[in-house]
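If you want the building blocks of each chain, they are given just below.
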Amino acid sequence: MDGTVTLKRPLTLREAYEVFSVNAWDADGKKHTVSIRVEFVHHLNGHHKDTVMNISSPQIESPLDHPPLAFARSSAGLKRAKRGWVIPPFSAVENSRGPFPMKLVQIKSDFAKETQMVYSITGEGADQDPKGIFTVERLSGNLFVTQSLDREKKASYRLIVHAVAHDGDNVKETPMEVIIFVMDQNDNKPVFTQNPFNGHVHEAAVKDYEFMRVTATDADDPETDNSIISYKIVSQEPPLPKPNMFDINISTGTICLRETGMDRDQWPRYTLLIVATDMEGAGYSTTGTAVITITDSNDNPPQFEQTSIVVSVLENKVGYEVAKLTVTDGDEVGSPAWSTKYRIISGDKGGFFNVSTGPSQLEGIITTVKPLDFEKTKQYVLSVIVENDDPFISSFPTSTATVTVNVEDVKEPPKHTVSVKVERIHHHEEHHIDTVMNISSPEMESPSDQVLTFPKSSTGAKRAKRGWVIPPFRVPENSRGPFPMKLVQIKSDYAKETQMIYSVTGEGADLEPKGIFTVERLSGNLFVTQALDREKKASYRLVAHAVARDVPSVIEAPMEVIIDVMDQNDNKPVFTQNPFNGQVAEAAVKEFMKVTATDADDSQETNNGIIHYKIVSQEPPFPKPNMFDINTSTGTIRVQETGMDREQWPRYTLLIVATDMEGAGYSTTGTAVITITDSNDNPPQFEQSSYTVSVPENKVGHEVAKLTVTDGDEVGSPAWSTKYRIISGDKGGFFNVSTGPNQLEGIITTVKPLDFEKTKQYVLSVIVENDEPFVGSLPTSTATVTVNVEDVNEPPEFNPQEKVISRRENLPVDSNLFAYIATDPDTGKSQKITYKIGKDPVGWLNVNQDTGMIKVKQIMDRESVLVKDGKYRAIILALDDDDENPATGTGTLIIELEDENDNAPIINEGSINICNREATVFLSITDKDGPLHAAPFSVEPQGDTKKNWTARMNETKTGILLTLNSVLEQGSYNVVLRVYDNNGMYKDNSIQATVCDCKGDEFQCKIIAGASLSLYLGILAAVLVLLLLLLLLLLFIRRKSSSIKNPLLLEDDDIRDNVCCYNEEGGGEDDQNYDLGVLHRGLDNRPQVLRNDVVPIFLPAPQYRPRPANPEEISTFIGYNLKTADEDPTAPPYDSLLVFDYEGGGSIAGSLSSINSSSSGQDQDYDFLNDWGPRFKKLADMFGGGED
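Since we're looking at a predicted model, the values are computed, not measured. Here, residues in each chain are numbered from 1, in the same order as that chain's written sequence. The predicted origin of the model limits local features to residues at a pLDDT of at least 70 and limits the giving and counting of side-chain atom pairs to 80 or more, whereas totals for whole chains, interfaces and linings rest on all residues. Only heavy atoms go into the side-chain values, all of them from the structure, while hydrogens and water stay out.

Draft legend 1. Broad picture of the overall build of the protein chain. Under the DSSP-based scheme used, a helix requires at least four consecutive residues in state H or I and a strand at least two consecutive residues in state E, with every element numbered from the N terminus. Scanning the protein chain from N- to C-terminus turns up six helices and 72 strands. Across the 1188 residues that make up the protein chain, the buried fraction comes to 35%. In this description, contact between two residues means that some pair of their heavy atoms is separated by no more than 4.5 Å. Counting only contacts in the protein chain whose residues sit at least 6 apart along the sequence, the fraction spanning at least 24 positions is 64%. For accessible areas, the Shrake-Rupley method is used with a probe of radius 1.4 Å. Any residue's cover is judged against the shown protein chains and nothing else. Summed over all atoms, the accessible surface of the protein chain reaches about 70,500 Å², with 51% contributed by carbon and sulfur. Think of it in three bands: residues with accessible area under 20% of the maximum for their type are buried, residues over 50% are exposed, and the middle band is partly exposed, with areas taken using a 1.4 Å probe on protein chains only.

This is how it looks when you write it as structure tokens:
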């Protein structure tokens, strides 16, 4: 491909030109982009105009190469004279380095051939802001740009070019419009819309669960790849339990769960480092973070503490608390899985009640929102359910409470309202207090004329137990005064007899907000000192006090006075956001978005806070001026008219007015921006309706075919992206079809291995659909894929794949174990199967290569370290003899080895420490055999051990309790114990026992001040043995040098058959054979002697130094312990009678068991030792110097 751009189909240019982007990738995979402008060019050929097409790349073609811009002329020969030619826009690259001013194009008038023309420009960038960016040479018409352009500041400039004759003739051109587009460069990094992003997901969420989204913007041109952003997660902290717990959609930024296993208790929060890169991941990058909080899973549904409640409510009460329903929830306190919400699901047909969540989050409060009418409905039975803010992780029953509301009849007030003042009147004549009522009209009585009298108890009052309740005073907010303004007079009956002092406490008096209410001390007049604001505080609770000035014992009980602030409409509605953004498909007729506003005024008792909504304008007003409608009460916007066209009117802006007092009060305006999205009116079509492919058998995940489609809807929209389904031909579920990366291809893969021997061909029918449903009834495109299965040589198969057999251990070699046979699944081929051992850890097995019979190669031992739980595993191979691709199958043979009693019990402790008085040591026993050939054990002391030691079994017969029969001297002793298993197999175990002079378990050895006699004897014996060995060596050398005088062996005792000359190395076939059997005679001819090569029992062992902590002392440590070991009489070889093989008689060396030699050695010549050096000279003097 050479990069030539050609037209694929006829092109219609709406703006007389189009700009396209062409992408190219180099050998390193780097992406390069150029912009191609396609425009119509005017040619004058034969006095008429042709329309042709030029393709130019702004990066390749210099602006200086543009032909001059000529002012348009009308022509009689022009067939389309009524339609003027449109000057195509010029493109100037932003961020150009100059030099400036830089020529863009030459403007030229046809009149310039006849007279000098003067050129000028007006418009954006010339004489309008931003001024001075473009200039024109007056006489030449060359148009220049004076500085570097920035597309992000201004993307295009509209100039008007003028040309008039220089000499003042009435020659001038009609102004010509020139549009200059600024071409985008990738000069802006992506910017995250916030940082960090915060989200949460419950710990039991499933894979692919989407729970949050990160977004970034790029100021570059959205029509190019410069602003197309790709997202990527680069790190996760903490990286547990897996380093890639989350995944992100590279295009949308949606984060989903990739792996399960989250644990809120161990990892309550994750921080993801996210990179956003423009140019589809190949440009500038920026980083941001997403903080993910792991919430408690909602596995405890809330439960009502009381499921049935009966309450009574007075009629005509609005905002009255009907009932408070408390619940319990076992999830984490404060989490969305714990907080509750409530719904009335039945019984409130007229909408008289509302249920809301109380402050504690575990209570639902039912209130009246409309006045109840006893005469219409006397009882309501409400069903209320409770849910959590988080959905349940599985299907749980929803708790329901039944609330029976009985409406109480109230005497209806008349149409006109009067105030009733209740007073206590004190009659002195009868010394009692009567309760009387005065009724007065508010129009006649001012609040300042009202008198509040402290209530009194009366023995004559019939309702003495029930006090009179002082009704709240209602004071309007925003009063103009004058202040202080009298509200009411507080009065005590005692004031008729003595002067009373009045005071008030509570909210607005001595509590915050202080000083709003005051009272005159002597008169009791209560004043308000400033205008009240209901939005700051809606009511005040005061307590009035009265005491006698002169009689301290006369005190009124405190009286509560409540002052309610009456609402005035003094607040405008406020939109909760501005603008509101929504989107709707061009073919939709439905509700799609909602605008909301709030009002601080009272919406419960008055209309001041009740808001109505209205659309006052629509921009653009096409195709109809009232395309949308709004619900006056809720603010929900819906499509009212059809005919929306995304290509013509992709966006609408609605001006919305929100007005309180149900539309009759204050107003505020807001906007709703509505984006029209593409509707799915172009079904996707397969480019090829029939495919035939071949797939090898046994391949899983193999790509079978790639089905490409086309779709005429908006690229990237849900109406354009595709999904695929196999509707027939895949009965066994062997195939899967998924959407490819470019969203316009379906990729068929295998999800199960195909079997040529079972099915040789599949015929699949695949359909393609969009993510968004079609608008109306549209045909669905179908492709037929014929899949031919290719035969592949398959390995032989063992049946079963894992065979378990049971055999006893210690079977003889060549014993048959099992014939493990494999079969060839390639039934159409005739192949021979041979068998091999694949894995035999110990080498116990052999297999017959033809029959598969497995035999014992070496005796099997159940107690081997490679036998796990009594089972030995081996891998057997079966190989076929295919010429092209031989295959190998594997089978696992598990041999359960039956235990035999072939291991004697042993004592684990090789050495022990014990006190010589009242002490017991526990010895543990191990038997490698199984339970049938192990415990219970028994023990018997052997030899001298019986004299001083007692051994008995513990209660479980699994351990030995060893004690001393007598008090032994401090030292080291050898204890021999014979231990039997339950079948009588035994072994003698030697234990090195260190006995110390102590008592019980307090083991502590006393340090011996001086060496004992036995120690000296041992050292002396060792020295004598060494000297004896050296003497024998010298005698041997001496006899060899003088063999004539003193032969080692007499002739009559020579038991050899022949004399051998060993320095003769030739001979070949003349070599003589010698009978060496006589040198290896059995022990039958040896003297009958008793052997006693055992450790001495009553000789104490020496004390060895422990290993030093300081490495520098290791040399001293080794030297000392080596010397101690050499002198140890309890270490082998022992100074005892040893038995050797018979070596003949008559040797002058005598017995090696005797310390004294049979020959004194005085008849030997030791002078030759003087020639060996000074070390041997002393030895020659000792043995060859006579009696001295």
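Draft legend 2. Layout of the pattern of salt bridges. Think of a salt bridge as a Lys or Arg side-chain nitrogen and an Asp or Glu carboxyl oxygen that are within 4 Å of each other. This model, assessed by the stated rule, comprises 26 salt bridges. Salt-bridge contacts for Glu-177 lead to Arg-158; the nearest nitrogen and oxygen are separated by 2.8 Å. One end of the pair, Glu-177, is in strand S11 (residues 176-183); the other, Arg-158, is in strand S10 (residues 156-165), and 19 residues separate them in sequence. Residue Glu-177 is classed as partly exposed on the basis of its relative accessible area, which comes to 37%. Accessibility expressed as a relative area gives 43% for Arg-158, which makes it partly exposed. One salt bridge in this structure joins Lys-947 and Asp-944, with 3.5 Å as the shortest N-O distance. Its relative accessible area of 33% is what places Asp-944 among the partly exposed residues.

Draft legend 3. Representation of the nonpolar core within the structure. Leu-923, Trp-949, Ile-960, Leu-962 and Leu-977 are the most contacted members of the largest nonpolar core, which has 27 residues in total. For this core, the secondary-structure elements that each account for two or more residues are strand S66 (911-917), strand S67 (920-926), strand S69 (949-953), strand S70 (959-964), strand S71 (971-980) and strand S72 (986-999). Per-element tally for this core: the top contributor is S72, with five residues. Setting aside residues up to four positions removed in sequence, Leu-962 forms contacts with Ile-912, Ile-914, Ala-919, Thr-920, Val-921, Leu-923, Trp-949, Thr-950, Ala-951, Val-975 and Leu-977. Remark: nonpolar core denotes a set of buried residues (Ala, Val, Leu, Ile, Met, Phe, Trp, Tyr, Cys) joined through side-chain atoms within 4.5 Å.

Draft legend 4. Layout of the sheet that holds S69. Pairing between two strands is assigned when DSSP locates at least 2 bridges connecting them. The four strands lie next to each other as S65-S67-S70-S69, forming an open sheet whose pairing is antiparallel. Edge positions in the open sheet fall to strand S65 (906-907) and S69, since each of these has one partner strand only.

Draft legend 5. Structural detail: unusual backbone geometry. The omega torsion across Gly-481 and Pro-482 is 5°, close enough to zero to call that bond cis. Along the chain, Pro-482 turns up in the loop between strand S32 (473-476) and strand S33 (485-491). Here the residue pair Ala-935 and Pro-936 is connected by a cis peptide bond, since its omega of 5° sits within 30 degrees of zero. Within the secondary structure layout, Pro-936 lies in the loop between S67 and strand S68 (938-941). The residue Gln-743 is not glycine, and still its phi comes out positive at about 70°. Along the chain, the position of Gln-743 falls in the loop between strand S52 (735-739) and strand S53 (745-750). Gln-743 gets classed as partly exposed once you look at its relative accessible area, which sits at 29%.

Draft legend 6. Inspection of a nonpolar patch on the surface at higher detail. The patch calculation keeps residues exceeding 30% relative accessible area without a salt bridge and links them within 9 Å when they carry like charges or within 5 Å when they are nonpolar (Val, Leu, Ile, Met, Phe, Trp, Tyr). A contiguous nonpolar surface patch, about 320 Å² in accessible area, is contributed by Leu-1020, Val-1023, Leu-1024 and Leu-1027. Within the fold, Leu-1020 resides in helix H4 (residues 1013-1041).

Draft legend 7. Region of interest: helix H5 (residues 1114-1126). A helix is expected to reach a length of 1.5 Å times the quantity of its residues less one. A rise of 1.5 Å per residue sets the reference length of H5, with its 13 residues, at 18 Å; its end C-alpha atoms lie 18 Å apart and thus fit the reference within 8%. When H5 is considered as a whole, its buried residues turn out to be Phe-1117, Asn-1121 and Thr-1124. The buried residues of H5 occupy an angular sector of 55° when the element is viewed end-on, so they sit on one face. Those residues of H5 that are exposed and angled more than 90 degrees off the buried face are Ser-1115, Leu-1122, Lys-1123 and Asp-1126. In this description, one arc is meant: the one made by directions from the helix axis to the C-beta atoms.

Draft legend 8. Just the sheet that holds strand S21 (residues 303-304), in detail. Strand order across the open sheet formed by four strands is S21-S23-S26-S25, with antiparallel pairing between neighbours. Either end of the sheet is taken by a strand with one partner, and the two such strands are S21 and strand S25 (353-357). Pairing of S25 with strand S26 (residues 363-368) involves five bridges; the strand directions are antiparallel. Bridge pairing links Val-355 to Ile-366 in S26.

Draft legend 9. Fine view of the packing of aromatic side chains. Side-chain rings of Phe, Tyr and Trp, where Trp is taken by its six-membered ring, are said to pair if the distance between their centres is within 6.5 Å; with planes under 30 degrees apart they count as stacked, over 60 as edge-to-face, and otherwise as tilted. All told, the structure shown has 20 aromatic pairs when counted by the stated rule. With a centroid separation of 5.8 Å and 70° between ring planes, the pair formed by Phe-192 and Phe-197 is classed as edge-to-face. Residue Phe-192 shares its accessibility class with Phe-197, and that shared class is buried. Aromatic pair Phe-628 and Tyr-652: ring centres 5.3 Å apart, planes at 75°, arrangement edge-to-face. Here the residue Phe-628 occupies a position in strand S44 (residues 628-630), and Tyr-652 occupies one in strand S46 (residues 651-659), the gap between them amounting to 24 residues. Of the two residues, Phe-628 and Tyr-652, neither departs from the other in class, the shared state being buried.

Draft legend 10. The environment of Met-245, seen in detail. Its location among the elements puts Met-245 in the loop between strand S16 (230-237) and strand S17 (246-248). Filtering out sequence-adjacent residues up to four positions away, Met-245 remains in contact with Gln-236, Leu-240, Cys-256, Leu-257, Arg-258, Glu-259, Thr-260, Met-262 and Tyr-270.

Draft legend 11. Region of the structure containing the pairing of S72. When S66 meets S72, the two strands line up parallel, connected through six bridges. The residue bridging Ile-914 from the neighbouring strand is Val-995, located in S72. Of the strand pairs in this sheet, S71 and S72 are connected by ten bridges, and their pairing is antiparallel. Bridge pairing in S72 places Ser-972 opposite Thr-994. The turn linking S71 back onto S72 is made up of five residues, and Gly-984 within it adopts a positive phi angle of 90°.

Draft legend 12. Representation of the environment of Val-5 within the structure. Take Val-5: it is sitting in the segment before strand S1 (17-25). Classification of Val-5 by relative accessible area gives partly exposed; the value is 39%. Counting along the chain gives 17 residues from Val-5 to Val-22, while the straight-line C-alpha distance between them is 9.1 Å.

Draft legend 13. Looking closely at the confidence of the model for the protein chain. Averaged over every residue, the pLDDT of the protein chain is 80; residues scoring 70 or more account for 78%. Per-residue confidence from the predictor is reported as pLDDT, which spans 0 to 100. The model gives residues 1076-1091 a pLDDT under 50, and that stretch makes 13 contacts with residues more than four places away or in other chains.

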